[in-house]
Amino acid sequence: MTPHTPQLPPQAVLFDMDGTLVDTERLWWEAVEQVAGRPLTEADQPEVLGRPVEHTADWLGAATGRSAQDLAADLHREFADRVRTGIVPRPGALDLLAALAAAGVPTALVTASPRAVADVVLDALGAAWFAASVTADDTPRTKPAPDPYLAACRALGVEPTACVAVEDTETGVASAEAAGCAVLAVPSLAPIGAAPGRTVRESLAGVTVEELGRMVTPELRVMSWNLWLGGIMVDDHRAKQLKVILESGADVVGLQETAGTAAQELAEALGWHHHRAGENLGVLSRHPITARLGDPDVGFYGAAGVRVAVAPGREVDVWTAHLHYTPYGPYESAFDGLPAAELVAHEGVRLTQMRDTLRRIAESSADGVPVVLVGDFNCPSHLDWPDVVWPVTKAAEEAGFADSYREAHPDPAAAPGHTWSPIHAVHEDGSGRPEPQDRIDYVLHRGLTVRDARTLVTGSPRPWPDVADNDWPSDHAAVVTTFAPTPR
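Reference entry: report on the structure contained in this document.

Examining the packing of aromatic side chains
Stage number 1. For the structure on display, the rule yields 8 aromatic pairs.
Stage number 2. The interplanar angle of 35° and the centroid separation of 5.2 Å between the aromatic rings of Trp225 and Trp472 together place this pair among those described as tilted. Taken together, the positions of Trp225 in strand E7 (residues 220-226) and Trp472 in the loop between strand E17 (449-456) and strand E18 (478-484) put the pair 247 residues apart, joining distant regions of the chain. The pair formed by Trp225 and Trp472 is uniform in burial state, with each residue classed as buried.

Considerations on empty space enclosed by the protein
Stage number 1. Scanning the entire structure with this criterion turns up 2 cavities of 30 Å³ or more.
Stage number 2. The calculated volume of the largest cavity comes to roughly 140 Å³.
Stage number 3. Partitioned by chemical class, the residues of the lining of the largest cavity number 5 nonpolar, 5 polar and 7 charged.
Stage number 4. A volume near 30 Å³ is recorded for the second largest cavity.
Stage number 5. Lining the second largest cavity we find Asp403, Tyr405, Gly417, Arg439, Asp441, Tyr442, Val443, Thr455 and Val479.
Stage number 6. A per-element tally of the lining of the second largest cavity places strand E16 (residues 441-446) first, with 3 residues.

Comments concerning the side chain of Thr20
Stage number 1. Inspection of the secondary structure puts Thr20 in the loop between strand E1 (12-15) and helix H1 (25-36).
Stage number 2. Judged by relative accessible area, which is 2%, Thr20 ranks as buried.
Stage number 3. Once residues lying within four places of it in the same chain are set aside, the contact partners of Thr20 are Arg90, Val166, Glu167, Asp168 and Leu204.

As for the sheet that holds strand E6 (residues 198-200)
Stage number 1. What the 6 strands build is an open sheet, ordered E3-E2-E1-E4-E5-E6; its pairing is parallel. Of all the strands in the sheet, the pair left with one neighbour each is strand E3 (132-134) and E6. Across the sheet, the axes of successive neighbouring strands diverge by a mean angle of 20°, strand direction being ignored.
Stage number 2. Note: strand E5 (residues 182-185) against E6, 3 bridges, orientation parallel. If you follow Ala185 over to E6, its bridge partner there is Val200.
Stage number 3. Here helix H8 (residues 170-179) sits on the sheet and contacts strand E4 (163-167), E5 and E6; the angle it forms with E5, its principal contact strand, is near 165°.

Here's the deal with the pairing of E7
Side-chain direction in a regular strand flips from residue to residue, so the side chains alternate between the two faces of the sheet.
Stage number 1. Along E7, 6 of the 7 residues are buried, which leaves the element largely enclosed by surrounding structure.
Stage number 2. Relative to E18, E7 is paired through 5 bridges, and the arrangement is antiparallel. Note that in E18 the partner of Ser224 across the bridge is Val479.
Stage number 3. Pairing between E7 and strand E8 (residues 252-256): 5 bridges, direction parallel. Across the sheet, Ser224 pairs through a bridge with Gly254, a residue of E8.

Definitions and cut-offs
Residues numbered from 1 in each chain as written. Predicted model: local features only at pLDDT ≥ 70, side-chain atom pairs only at ≥ 80, totals over all residues. Heavy atoms only, no water. Phe/Tyr/Trp six-rings, centres within 6.5 Å; stacked < 30°, edge-to-face > 60°. Helix = DSSP H or I, 4+ residues; strand = E, 2+ residues; numbered from the N terminus. Buried < 20%, exposed > 50% of the residue type's maximum accessible area, 1.4 Å probe, protein only. 1 Å grid on protein atoms, 1.4 Å probe; cavity = no way out; pocket = protein on both sides within 12 Å on 5 of 7 lines; lining within 4 Å. Points joined across faces, edges and corners; volume = space filled by probe spheres on them. Nonpolar A, V, L, I, M, F, W, Y, C, P; charged D, E, K, R; others polar. Contact = heavy atoms within 4.5 Å. Pairing = 2+ DSSP bridges. Axes fitted to C-alpha atoms, helices over the stretch in contact; angles between N-to-C directions.

What follows is the structure, encoded as structure tokens:
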């Protein structure tokens, strides 16, 4: 099996022009000095670097009393004259453009310079490199507003969150990040600090398409799966588990009932990272695990988590939980006819376990790091039963967790999302009573955006006890949620 999914390139790469692709920041600086009639200092940088001509003209006009319109014309003329005679590609710029073209990754030029100046640079650099160009003349607002980068993404038909913007100034970085792009910052005249979702390099020399792909926050697909005593009830269970995980497209899998060794064995076969907690819980991750959270020796019931680096500067905490299975509320409702108040009162053990889980999550959480909590809670959701406020899922909601499946499928009648049980149509006591079908496995989250959520069962599992040949090696359905990057 392939150990890792190949790194996908970004949907597009969006290049600033001045100081990023070509060494024009120096030329612009010189043009402003000429028009200002004095040397510029570091204090002048915020009004000059990355700014449109009109902004700098207004600034000079306020200081000199001259007409901003006349100053803008002078700045245009001085800068264009220097561009025609002094344009120099930045180190690595042409190599990176060639590599992106070879990889089929579209590019756009996004500049705060006017169209007249941009066209001079495009002619010198090679307009064929770019599928689109956006200048100060093309949007109502220019940098640091997000408009130019949003316009470039619309022109290319791509999502900003799937693109990398390459910038050399704080003003340009602010524009790209406001649009939701990942940023490769290559400072020219003024330093740029590191930040989540931002990579800072000294130059474009040596930058690869693969590296740019790693800068884009990917979709994160998280799966919760109870392996059913490690899978031993089904023949060839380990191979079948691997097949399910690969075909699900999951990036992170929170496991329950691992029988101790399943997380490690699956991770080794996949070439993934893993965390084993006690004899029952585990997490598999395609992405690097940067921290292990909770008690590594947790008992059969409880929770454990990991911190996963899904992209440079962007991490997500993923916890897996397994709560006690008795007393089981759907049985007490369907078989014993207990009223809502008694059903809620009998949730004490699971509620205590959930509160302990939420406490551990709170103790390990970091500012700005989203959290995903998955697991077999062995209880229904208050979002599904109109007359029972099931306290376990309610406690998670009160702690700020949203139910990804119900976000994607708000109507429980139209999309019940049952996870218990694909192999139990009737109760296993031999009475012939129908087994209550319910949603007891979850992917909850705090701080992400849900793109899709679904339950997963492959094949047509035969009912208990004739399960040895089933392709589906569990007695639960899995839950798989795809999270999209949340715009900053």
